[in-house]
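Below are the chains, spelled out letter by letter.
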Amino acid sequence: YDRVNWLCSDSVNVICNAGDSLWFASYLDTKNGGISILEKDEFQYLTSEDGIPHPYVTSLQYLGDNKMLVGTGYMDTGGLALVQKAENGYKVTETYSVEDGLPGEKVRQLFLDSEGFLWITTEYDGIVILNYERDGLKKDLNGIYLTEGNGLSDNEIKCIAETPQGYWLGGKYGLTLINRSFVREKLQ
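Note that the coordinates shown come from a computational prediction; the quantities given were computed from them, not determined experimentally.

Participant: Please clarify how helix H2 (residues 180-187) should be interpreted in this entry.
Facilitator: Two residues of an α-helix separated by three or four positions point the same way, owing to the 3.6 residues in each turn. Within H2, burial applies to Arg 180, Val 183 and Leu 187. For H2, the angular spread of buried residues about the axis comes to 70 degrees, placing them on one side. Those residues of H2 that are exposed and aimed more than 90 degrees away from the buried face are Glu 185 and Lys 186.

Participant: I keep staring at the environment of Asn 142 and nothing clicks. Help me out?
Facilitator: Structurally, Asn 142 is set in the loop between helix H1 (132-135) and strand S12 (144-146). Sequence separation between Asn 142 and Leu 130 is twelve residues, and the spatial gap between their C-alpha atoms is 6.8 Å.

Participant: Where do I start with empty space enclosed by the protein in this structure?
Facilitator: Gaps between atoms show up when a probe of the same size as a water molecule is rolled over them. Under the definition given, this model contains two cavities of 30 Å³ or more. What the largest cavity holds in volume is close to 40 Å³. In this structure, the largest cavity is lined by Ala 18, Ser 21, Trp 23, Tyr 62, Asn 66, Lys 67, Met 68, Val 83 and Tyr 90. Mapped onto the lining of the largest cavity, the elements with two or more residues apiece are strand S2 (21-25) and strand S6 (67-74). Looking at the lining of the largest cavity, its residues break down into six nonpolar, two polar and one charged. Empty space within the second largest cavity amounts to approximately 30 Å³. For the lining of the second largest cavity, the residue count by class is five nonpolar, five polar and no charged.

Participant: I tried to follow the sheet that holds strand S8 (residues 89-96) on my own but got confused; where do I start?
Facilitator: Backbone-to-backbone hydrogen bonds join strands into a sheet, with any given pair of strands oriented parallel or antiparallel. With antiparallel pairing, the four strands of this open sheet are ordered in space as S5-S6-S7-S8. With partners counted over all chains shown, the strands left at the sheet margins are strand S5 (57-64) and S8, one partner each. Ignoring which end each strand starts from, the neighbouring axes of this sheet average 25 degrees apart.

Participant: Help me out: how do you make sense of the pattern of salt bridges in this one?
Facilitator: If the charged atoms of two oppositely charged side chains come close together, the side chains can form a pair. This structure, assessed with the given rule, holds twelve salt bridges. Of the charged contacts in the structure, one is a salt bridge between Lys 106 and Glu 123, with a shortest N-O distance of 3.0 Å. Residue Lys 106 is located in the loop between S8 and strand S9 (107-112), and its partner Glu 123 is located in the loop between strand S10 (117-122) and strand S11 (127-131); the two are separated by 17 residues in the primary sequence. An identical accessibility class is assigned to Lys 106 and Glu 123; each is buried.

Cut-offs applied
- Residues numbered from 1 in each chain as written.
- Predicted model: local features only at pLDDT ≥ 70, side-chain atom pairs only at ≥ 80, totals over all residues.
- Heavy atoms only, no water.
- Buried < 20%, exposed > 50% of the residue type's maximum accessible area, 1.4 Å probe, protein only.
- Helix = DSSP H or I, 4+ residues; strand = E, 2+ residues; numbered from the N terminus.
- Arc of directions from axis to C-beta.
- 1 Å grid on protein atoms, 1.4 Å probe; cavity = no way out; pocket = protein on both sides within 12 Å on 5 of 7 lines; lining within 4 Å.
- Points joined across faces, edges and corners; volume = space filled by probe spheres on them.
- Nonpolar A, V, L, I, M, F, W, Y, C, P; charged D, E, K, R; others polar.
- Pairing = 2+ DSSP bridges.
- Axes fitted to C-alpha atoms, helices over the stretch in contact; angles between N-to-C directions.
- Salt bridge = Lys/Arg side-chain N within 4 Å of Asp/Glu carboxyl O.

What follows is the structure in structure tokens.
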């Protein structure tokens, strides 16, 4: 599969299984970047023309109920989009930027943990953790903000793994372990 055979871009760096659909997202394709969604043997495409904040898609997080969170960006531009299923396919229903509470414009990683906390990491500006299970996703992204200044190994967190003890955050310059109790106390 490529642009000739059903994808919006030859580049695929993020794949996400979302119920009855598969999502393929591209990065580093300035002309054709975006998302190709395969559902019931048909493709739908979402690009910046459809409301995705940037053509470079960095991360996808399925939220259930036919909702997908899309992280985008390159260098110091980008943002976050909420995509929901509508009668005629998937649509961008909301976008988020620094003005809405993102720590930085380029979203690096999205992670919804087993307790319903949503982690949004950025390229240069640390992370925000939200209580998605309790609050959903409001236009004002009010949560815990963490940076190097209060304990992260660095501001560019690239990956997150959840364990019984807590959360391991892999960064450009090391690992950070955050205890579950810290997140629960701040977001309950």
